[in-house]
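# Structural overview for review
Chain residues, written in single-letter form:
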Amino acid sequence: MKYIPKTFCRPLYFTSATMSAKLLSVKNTVFKCLKTLSARGFSSGAASLGSVNLKGRSCLSLKDFSSDEIKRLLWVSGDLKHRIKHEKQYLPLLQGKSIAMIFEKRSTRTRMSTETGFALLGGHPCFLTSQDIHLGVNESSTDTARVLSGLCDIVLARVYSHSTLEELDKEATIPIINGLSDLYHPIQILADFLTLQEHYGSLSGLTVSWIGDGNNVLHSFMMTAAKLGVHLKIATPKGYEPERSVIQEAQRLSKEHGTQLVLTSDPMEAAHGSNVLVTDTWVSMGQEEEKKKRLKDFKGYQITMQTGSVAKPDWTFLHCLPRKMEEVDDQVFYSSRSLVFSEAENRKWTIMGLMVSLLTDYTPQIPMLKF
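Let us now look at the overall build of the chain. When helices and strands are tallied, the chain shows 13 helices and 9 strands. Evaluated residue by residue, the chain yields a buried proportion of 54% over its 371 residues. Restricting the contact set of the chain to residue pairs at least 6 apart, pairs at least 24 apart contribute 75%. For the chain, the accessible surface area stands at approximately 17,500 Å², while carbon and sulfur atoms represent 53% of it.

Pasting the structure below:
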């Protein structure tokens, strides 16, 4: 049953005169609200995404989602943020539901955003580490998927191998969300694009420059940017390029959506004319033995104000965190150009938007985001 705020349930007793005055007041209030939302980067036109329904889907990669589906996810996320954070509304959209959160790899943002977000929506989160669950060890991923399908409503899994997610999804009868794998990190990219939409007012035409490792976060950017009309420039050291199959798909998407895709080994070339500079860790979990070699190979890739000097005047900086000094210096990281802490907060609103979209028929109440 759709939740109806108590304030909408009071009986109304109006004379015709007071009714007219009330209607005029309501009309003026609605107009002011829409005007305010428009100024914040929202626009009307919800009908274009109104038919998109993601209920029952899994999210292993944004490669599997169309342009309209990604826009719908961002719209729902922005809506929940506005209603819950700014309007202080209580929306128990997931009341009575539970999520199993499987973590083979530790995390601050993924755990906190999912656990607090699911609870805020009225549901019950269950956190499971490698010590709590026998995934692929004493119990196969197949059996785990079937068991969890009977015990909860959705699973978020943060795993080492993407194949683990594929096996869970194949055997489960409930949605599976990729909380991070060696190949993709879709929930991070949703947060990144919501952050950029809020900052710039729209996404289409922006240029994002990735300077760093050809890793899972970059792969997710490559599967998403073109679908939102965003140009993507990538600088990686030789030998650290993205997966070839991902490059080929990104090239296809870029051609289909009329965006630019540039791959280079020169950080300054990638940064030139860019709106957004992005980097990530150079040494991911499981790569600790390679640290010395990686730090040597990534010399010259640190993002500094000098890197930004060739970008556009309005350039900003993103990093999914945790951050190391060699990746970006303090002058950039703690500057007004840095959106990293808004980006981290938006991990919560976008995972909430994703979970609500996969589990309910929720329709956003604010006008559609401007893309």
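Per the counting criterion, the structure on display carries 12 salt bridges. Across the salt bridge formed by Glu345 and Lys85, the nearest N and O atoms sit 2.8 Å from each other. Here the residue Glu345 occupies a position in helix H13 (residues 340-359), and Lys85 occupies one in helix H2 (residues 67-86), the gap between them amounting to 260 residues. Judged by its relative accessible area of 30%, Glu345 is partly exposed. Taking the relative accessible area as the measure of exposure, Lys85 reaches 31% and is therefore partly exposed. Arg323 is the partner of Asp330 in a salt bridge, and the nearest nitrogen-oxygen pair spans 2.6 Å. In this structure Asp330 comes out as partly exposed when scored by relative accessible area, which is 37%. One salt-bridge network, in which partners are shared between bridges, spans Asp213, Glu290 and Arg294.

In this section: the sheet that holds strand S1 (residues 98-103). Strand order in the open sheet formed by 4 strands is S2-S1-S3-S4, and the pairing between neighbours is parallel. A strand with exactly one partner marks an edge of an open sheet, and here the two such strands are strand S2 (124-129) and strand S4 (176-180). When the angles between neighbouring strand axes are averaged without regard to direction, this sheet yields 20°. Contacts between H13 and the sheet are confined to S1, strand S3 (154-158) and S4, with S4 contributing the most and set at about 165° to the helix.

This part takes up the packing of helix H3 (residues 109-120) against H13. Interaxial distance between H3 and H13 falls to 8 Å at its minimum, and their mutual angle equals 50°. Judged by the angle between their axes, H3 and H13 are oblique. Like other packed secondary-structure pairs, H3 and H13 cross with a definite hand, here right-handed. For the pair formed by H3 and H13, the contact residues are Arg109, Thr110, Ser113, Thr114, Thr116, Gly117, Phe118 and Leu120 on the first element and Ala344, Arg347, Lys348, Trp349, Ile351, Met352, Met355 and Leu359 on the second.

The next thing to look at is empty space enclosed by the protein. Under the criterion given, the structure shown has 1 cavity of 30 Å³ or more. What lines the largest cavity is Met222, Ala225, Ala226, Val230, Leu232, Ala250, Ser254, Thr259, Gln260 and Leu261. Class assignment for the residues of the lining of the largest cavity results in 7 nonpolar, 3 polar and no charged.

In this section: the environment of Ser254. Here Ser254 is to be found in helix H8 (residues 244-257). Along the primary structure Ser254 and Thr224 are separated by 30 residues, whereas in three dimensions their C-alpha atoms are 9.9 Å apart. Beyond its immediate chain neighbours, meaning those up to four positions away, Ser254 contacts Ala226, Thr259, Gln260 and Leu261.

So, about the pairing of S4. Most of S4 sits inside the fold, with 5 of its 5 residues counted as buried. Both S3 and S4 contribute to a ladder of 4 bridges, which runs parallel. Bridging from a neighbouring strand, Leu156 pairs with Ile177 of S4. Handedness of the β-α-β unit built from S3, helix H5 (residues 162-171) and S4 comes out right-handed.

Inspection of every chain in the model, using the stated rule, returns 8 aromatic pairs. Seen in terms of ring centroids, Trp282 and Phe298 are 5.1 Å apart; in terms of plane orientation they differ by 20°. Their pairing is stacked. Placement of Trp282 in the loop between strand S8 (276-279) and helix H10 (291-297) and of Phe298 in the loop between H10 and helix H11 (305-308) is noted, with a sequence separation of 16 residues between them. Judged by its relative accessible area of 0%, Phe298 falls in the buried class. In this structure an aromatic cluster arises from ring pairing among Tyr240, Trp282, Phe298 and Tyr301.

Looking now at the sheet that holds strand S6 (residues 231-235). Judged by pairing direction, the sheet is parallel, and its 5 strands sit side by side in the order S7-S6-S5-S8-S9 without closing on themselves. The outermost strands of the open sheet, each flanked by one partner alone, are strand S7 (261-264) and strand S9 (316-319). Here the strands of the sheet are splayed against their neighbours by 20° on average, with no regard to which way each runs. As paired elements, strand S5 (residues 207-211) and S8 share 3 bridges and run parallel to each other. Among the inter-strand pairings, Val208 is bridged to a residue of S8, identified as Val276. Docked against the sheet, helix H6 (residues 186-200) engages S5, S8 and S9, running at close to 160° with respect to S9.

What counts, and where the lines are drawn
- Residues numbered from 1 in each chain as written.
- Predicted model: local features only at pLDDT ≥ 70, side-chain atom pairs only at ≥ 80, totals over all residues.
- Heavy atoms only, no water.
- Helix = DSSP H or I, 4+ residues; strand = E, 2+ residues; numbered from the N terminus.
- Buried < 20%, exposed > 50% of the residue type's maximum accessible area, 1.4 Å probe, protein only.
- Contact = heavy atoms within 4.5 Å.
- Areas by Shrake-Rupley, 256 points an atom, 1.4 Å probe, with all protein chains shown as cover.
- Salt bridge = Lys/Arg side-chain N within 4 Å of Asp/Glu carboxyl O.
- Pairing = 2+ DSSP bridges.
- Axes fitted to C-alpha atoms, helices over the stretch in contact; angles between N-to-C directions.
- Parallel < 35°, antiparallel > 145°, perpendicular 65-115°, else oblique.
- Left-handed = near helix turned anticlockwise from the far one by under 90°.
- 1 Å grid on protein atoms, 1.4 Å probe; cavity = no way out; pocket = protein on both sides within 12 Å on 5 of 7 lines; lining within 4 Å.
- Points joined across faces, edges and corners; volume = space filled by probe spheres on them.
- Nonpolar A, V, L, I, M, F, W, Y, C, P; charged D, E, K, R; others polar.
- Right-handed = clockwise from strand over helix to strand, strands pointing away.
- Phe/Tyr/Trp six-rings, centres within 6.5 Å; stacked < 30°, edge-to-face > 60°.

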